[in-house]
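What follows is each chain in one-letter form.
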Amino acid sequence: MYWPIRAPRVYTAKVPPPSISIDYDSEESAELVRHSLSFSSAPDDADQSDSIKGSTEDEDEGRKVGEREVQVEDEESLPESAGDKVRASTVSAALDEETRSHIIALRVARSGLLFATVTRAELTIWQMKPTAVVAHVRRSPSSVGSYGPNIDVLVRPDSQIFVVQTSLGYLMTYSLATDPNARVYKPAFVNNYHHHTRQHSTSSARRISVGNGGLTPGAGEGGGVREFSLQFRMVIKVDAGISKVLALEDELMVATVKPSAIQCIRWTPDSTGSQTSAELLSRMPWMQKKVITTDMVYDRPMNLSTWVTSDGRAYAVQKLQFSESESGSRTFKGYCFHTPSTPEEAAIKVSINARFSMIAVACVNGLIAMYTARDYSGNIPLSHKVFVPSSSPGRTTFVSWSPDGYCLFVGFEHGWATWSVYGKPGGNSFSARKSLVDRRPNEGYLGGVKDGSWIANGGEILLLREDGNEFIWSLEFAKSAVAGCFSSVNTARPMLQTGEKLLIYRGYDQDDNTMISQDSSVLWHSIQVPASYLAENWPIRSSVISQDGRYVAVAGTRGLAHYSVNSGRWKTFADERMEQDFVVRGGMCWYQHILITAVESHDRYQLRLYSRELALDNTMLVHLEELPSAVILLSLTGEDSLLVYTNENVLYHFIVQSTETSVRLVQVGQITFHGIIRAPARVRAISWIVPDEQLQDGDPSRDVAVATMIFLVDGKLVLLQPSTTEGGELKYDMRVLLQNVEYYALIRDQPVQQVFLSKPEEDTPLSETFPVPVERNLSDSLWAFDGNDVKAWIDVKDILESGENGRELPSPVKVPVDFYPLSTLVNRGIILGIESELVQRRDVGFSHFKFSTRTHLFITYILRHLLSCHQPDAAVELARNYEALVYFPHALEVLLHDVLDEEADTSPKPEDAVLPEVIQFLTHFPHYLDVIVRCTRKTEVASWKHLFSVVGSPQVLFEESLSRGLLKTAGGYLLILHTLEQLSSSSKDMVRLFARAVQEGDWDLCKELARFLTALDNSGKTLRRP
């Protein structure tokens, strides 16, 4: 659901050279050094135990480990040591003029407002929007020599403390303070005679906020550049060596090398006065012996850590509370879920996806193994594997899930690649031409990346080059609107969003040939979100389009705005205080011109109805509905039913009552799913199927009791079918329809998909072979994408009936696709999707990404499934819905070609053969003679014998084509007869066709036949014969 677009923005900060006199971080004041638990190297557990015991004795003597202060008057006065030569070389390497400004690590704060970068001797704090350096510190040469050059940076989740890791086993901490009212980088212009403020002319009287110097702020820049102060705090020494560090809310978690252990250093002492704790890996019963922790990640929503050890195993780990541990002797509990069977499958990097409860494990050979964390007791099975689209990607440098969990970004030594959550490949840089990348320093991100972090709610990713330089690349992504707001209309009318723009698919308004083209400029309508809204509310988090495609609504960090596609006008809040007073949380949907939104405002949860025809103002709400808990999602189904699912595991059913003067919501029912849905927050989408008789004549208040529910929980598509117990109580029978589902579409909730083109009036004489009893189309079908293929159930009633009768679920029809499918255009018979493409040109000084529109016919798979199930009447009636499409004959040709290719090689039993069913099916359409001849000429000659053993003699088909006036088709059959050596040079059939073509004035055909006759008989005797 993510695709890279455009060329990235490139940032760099030029720092003064070392020759300029500057103040270092600790030359004016003493440094504070803190020692964590000091482990000496030990051959066995007994020696390690003694080492821990010694540290504890220091604490008993009143010298608390972790608080012992060693004051150094000045770094320049540090005593000489035996390692001076080593330190001197380290300083030289760290401050080398050529590499001193190379950025080696990057971290984004959890708030998304700041990010930090480090070079070998410098720490830089950046503000995200406007992107600017707000704090910087350079370490002195003596500091680099004493503690080692920087190798990594960490940020405490509240962004108040930054930690720099050095190569000699030290952690240098800095505190960051800010004045919320102070601003820096105030622009001033000399002789500025044209300064003026502009009003927002598109919709309302709201003024665009104008910053200092008369500059209109860009997206996210409404707050200006804040003033920050970065102060050195202390140095923490880890004698045992550092392998990996995590900065958590309460502590630093350090993986040590010698001995191998996990040390926890609290930011502040606990109630007992202790500030540090440690546990040896060898004392953990679930851990292998003699290993080192090489990588650690922690996910706060899941409260789960994942560790990678030096033997290639990966562990899911949780930290025990003091009451859970065995008298405090155990700090962690864990489970090994990845064990390599070969050295190439050894784990090296991991990343946790809390949204989908998945863990990605990168292996030595570039393979990415995906695991599903079903519980915290070790049930973490392998879900699937994804492979790098390159034979030599190099080592894996980092793995990162997007904030919403829909996209996986993996950096490699020689490039990078993305995948959807269940494994569909996205964009990658492995197709880049190395010669162009090497000549363009600004495109180093294409040749390999060493680190990266998502920003802008997944709208962009910051990247660092693998071999190091001073650039930071910000690569923008477009993502499906379904990722931010899962609704039936967003799957019916594809829409892409970036942090600042919307791209609306408008192929519905085009003819068939234009719709299946790849011209994105014609098929996609670009909409820029107003700068007045983006200045304070960047990035766009969710968007939704109306059923008729006329209106669009967007919601950023606060407030919302909506747009009319026809008029091209936006409406935003005139009063910014109203806009900043609420946040959209739980989704949006359109009911005609009414926007229904789930909002949270001052710990109150509401459903608000805004009219497109009125000003966007909270005093002009059409309707307001209070709810007791937060909304997880809402869905408009049927003509006027609104489903609202809340955090309390309650589903509310509202009816939208509309009159000439008002629109309001009326609650008609509710139902709880306690004991059925364990974690409401894991529900991504919800739909229901109400029986037809209930829809027509039933009481709406009874809908919740008779409706079959469809839930998408993580990646599991679940069906809840109602029934009653012997006591008359309502219960649900749960069945899992499909695993690894990225999205699904219930076509009965998509009116735009239910309008089929009118059928042609002409018919063939053979269409009366058997009667067609009922109308059949796909207006009640169910579609889902599982990361590899699109799966379809032709009629959801078949699913419901199988549950009522105790039968197995009907198998879905599988439609393979080689691109990411955005939507199934049921009334056009195609699956619509897009794929990313890297554009590199020698005459342009930069490369950029773009996406191309892809389509794939699904009609052939549906028809083949019906014919394989011996349902020819259903296949014919279904095909009648698509007979008016210009590419319908091509679809029939593809159907015949696929079946012929398979059965010509496999030679199935007569009762299992599908080819006779296909041939009989084709005779119901006037194109069948053309379909057979075109398909024949596009297949291998070796398959012709099998085909015509079922179809009949090509001589008969030639005569039929000639009798119907299909002269070009008849010519095709003559070529087939000639190839099969059933046409002699003296055949009269060629002369008959030639004469008929002359008679009807088809001179193009005459020219082709003349060439053919000349090749057969250069003397012309064939034409002169009576």
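Just so it is clear, the structure is predicted and the values come from calculations on it, not from any experiment.

### Brief notes about the environment of Gly223
Relative to the assigned elements, Gly223 resides in the loop between β10 (170–184) and β11 (225–237). Among residues more than four places away in sequence, those in contact with Gly223 are Arg183 and Glu536.

### Focus: the sheet that holds strand β37 (residues 569–571)
The strand order across the open sheet built from four strands is β34-β35-β36-β37, with neighbouring strands paired in antiparallel fashion. Unpaired on one side and paired on the other, β34 (542–545) and β37 mark the two borders of the sheet. Averaged over all pairs of adjacent strands, the angle between their axes in this sheet comes to 20°, without regard to strand direction. Here strand β35 (residues 551–555) runs beside strand β36 (residues 561–564); their pairing, made up of four bridges, is antiparallel.

### Overview of helix α13 (residues 796–804)
Within α13, the full set of buried residues consists of Val796, Ile799, Leu800 and Ser802. Summarising the axial view, the buried residues of α13 lie within an arc of 160°, below the 170-degree limit, and thus occupy one face. The residue sitting at the N-terminus of α13 and contributing the capping side-chain oxygen is Asp795; that oxygen lies 3.0 Å from the backbone nitrogen of Lys797. Positioned one or two residues after α13, Gly806 has a phi angle of 75°, which is positive.

### With respect to empty space enclosed by the protein
Rolled over the atoms, a probe as big as a water molecule pinpoints where empty space is left. Scanning all chains against the criterion turns up seven cavities of 30 Å³ or more. Its boundaries defined by the atoms lining it, the largest cavity holds a volume of some 100 Å³. Lining the largest cavity are 15 residues, and of these Phe486, Ser487, Ser488, Ile686 and Ser687 sit closest to its centre. At the level of elements, α6 (488–492), β42 (631–637), β46 (683–689) and β50 (743–746) are the ones that each hand at least two residues to the lining of the largest cavity. The leading source of residues in the lining of the largest cavity is β46, at four residues. Residue classes in the lining of the largest cavity are distributed as eight nonpolar, six polar and one charged. Considered as a void within the structure, the second largest cavity measures approximately 80 Å³ in volume. Forming the walls of the second largest cavity are Ser487, Ser488, Val489, Ile545, Ser546, Gln547, Cys589, Trp590, Ser635 and Leu636. Elements supplying a minimum of two residues to the lining of the second largest cavity: α6, β38 (583–591) and β42. Of the residues contributing to the lining of the second largest cavity, the split by class is five nonpolar, five polar and no charged.

### Here we look at the pairing of strand β39 (residues 594–601)
Counting buried positions over the eight residues of β39 gives eight, a clear majority of the element. The alternating pattern of β39 places Ile594, Ile596, Ala598 and Glu600 on one face and Leu595, Thr597, Val599 and Ser601 on the opposite face, and all of these are buried. Across six bridges, β38 lies against β39 in antiparallel orientation. Bridge pairing in β39 links Val584 to Val599. Connecting β38 to the antiparallel partner β39 that follows it, the hairpin turn spans two residues, and Gln592 within it adopts a positive phi of roughly 55°. Two elements, β39 and strand β40 (residues 604–611), share eight bridges in a ladder whose sense is antiparallel. Bridge assignment links Ala598 to a residue of β40, and that residue is Leu607. Where β39 folds back onto β40 in an antiparallel hairpin, the turn is made up of two residues, including His602, whose phi is positive at roughly 55°.

### What to know about the pairing of strand β45 (residues 663–672)
Summarising the sheet, strand β44 (residues 650–658) and β45 pair through nine bridges and their orientation is antiparallel. Looking across to β45, one finds that Tyr652 is bridged to Gln670. Between β44 and β45, which pair antiparallel in sequence order, lie four residues.

### Details of a negative patch on the surface
On the surface, Asp898, Asp901, Asp905 and Glu940 cluster together to form a negatively charged patch. When you line up the elements, Asp901 lands in helix α16 (residues 888–906).

### Some remarks on the pattern of salt bridges
Per the stated rule, a full pass over the model turns up 38 salt bridges. For the salt bridge of Glu835 with Arg854, the shortest nitrogen-to-oxygen distance reads 3.1 Å. Residue Glu835 is found in strand β55 (residues 830–839), and its partner Arg854 is found in strand β56 (residues 848–857); the two are separated by 19 residues along the sequence. The class for Arg854 is buried, based on a relative accessible area of 16%. Among the ionic pairs, Glu893 bridges to Lys938, the shortest N-O distance being 2.7 Å. Placement of the pair is Glu893 in helix α16 and Lys938 in the loop between α18 (928–937) and α19 (944–951), with a sequence separation of 45 residues. Since its relative accessible area comes to 55%, Lys938 is described here as exposed.

### Describing the packing of aromatic side chains
The tally for this structure, following the rule as stated, stands at 38 aromatic pairs. Geometrically, the ring pair formed by Phe337 and Tyr371 is edge-to-face, given 5.0 Å between the ring centres and 75° between the ring planes. Of this pair, Phe337 sits in strand β19 (residues 332–338) while Tyr371 is found in strand β22 (residues 368–372), placing the two residues 34 residues apart along the sequence. In this pair, the class of Phe337 matches that of Tyr371, namely buried. Note on Phe356 and Tyr406: the rings are 5.1 Å apart at their centroids and 80° apart in plane angle, and the pair reads as edge-to-face. Placement of the pair is Phe356 in the loop between β20 (347–353) and β21 (358–363) and Tyr406 in the loop between β24 (396–401) and β25 (407–412), with a sequence separation of 50 residues. When its relative accessible area of 4% is taken as the criterion, Tyr406 is described as buried. Taken together, Tyr2, Phe398, Phe409, Trp416, Trp454, Phe477 and Phe849 form an aromatic cluster joined through their ring pairs. Above the ring of Trp538, the side-chain terminus of Lys129 is found at 4.8 Å from the ring centroid. The aromatic ring of Phe582 is capped on one face by Arg608, whose charged end is 4.7 Å from the ring centroid.

### Regarding the sheet that holds β50
Taken in spatial order, the four strands of this open sheet run β50-β51-β52-β53, and their pairing is antiparallel. Two strands bound the open sheet, and with one partner strand each, they are β50 and β53 (813–816). Averaged over all pairs of adjacent strands, the angle between their axes in this sheet comes to 20°, without regard to strand direction.

Criteria and thresholds
- Residues numbered from 1 in each chain as written.
- Predicted model: local features only at pLDDT ≥ 70, side-chain atom pairs only at ≥ 80, totals over all residues.
- Heavy atoms only, no water.
- Helix = DSSP H or I, 4+ residues; strand = E, 2+ residues; numbered from the N terminus.
- Contact = heavy atoms within 4.5 Å.
- Pairing = 2+ DSSP bridges.
- Axes fitted to C-alpha atoms, helices over the stretch in contact; angles between N-to-C directions.
- Buried < 20%, exposed > 50% of the residue type's maximum accessible area, 1.4 Å probe, protein only.
- Arc of directions from axis to C-beta.
- Polar contact = N/O pair within 3.5 Å; in protein donor to acceptor, adjacent residues only side chain to side chain.
- 1 Å grid on protein atoms, 1.4 Å probe; cavity = no way out; pocket = protein on both sides within 12 Å on 5 of 7 lines; lining within 4 Å.
- Points joined across faces, edges and corners; volume = space filled by probe spheres on them.
- Nonpolar A, V, L, I, M, F, W, Y, C, P; charged D, E, K, R; others polar.
- Patch = residues over 30% accessible without salt bridge, like charges linked within 9 Å, V, L, I, M, F, W, Y side chains within 5 Å.
- Areas by Shrake-Rupley, 256 points an atom, 1.4 Å probe, with all protein chains shown as cover.
- Salt bridge = Lys/Arg side-chain N within 4 Å of Asp/Glu carboxyl O.
- Lys, Arg positive; Asp, Glu negative; His and termini not counted.
- Charge placed at Lys NZ, Arg CZ, Asp CG, Glu CD.
- Phe/Tyr/Trp six-rings, centres within 6.5 Å; stacked < 30°, edge-to-face > 60°.
- Lys NZ or Arg CZ within 6 Å of the ring centre and 35° of its normal.

Honestly, it's all geometry; don't read function into it.
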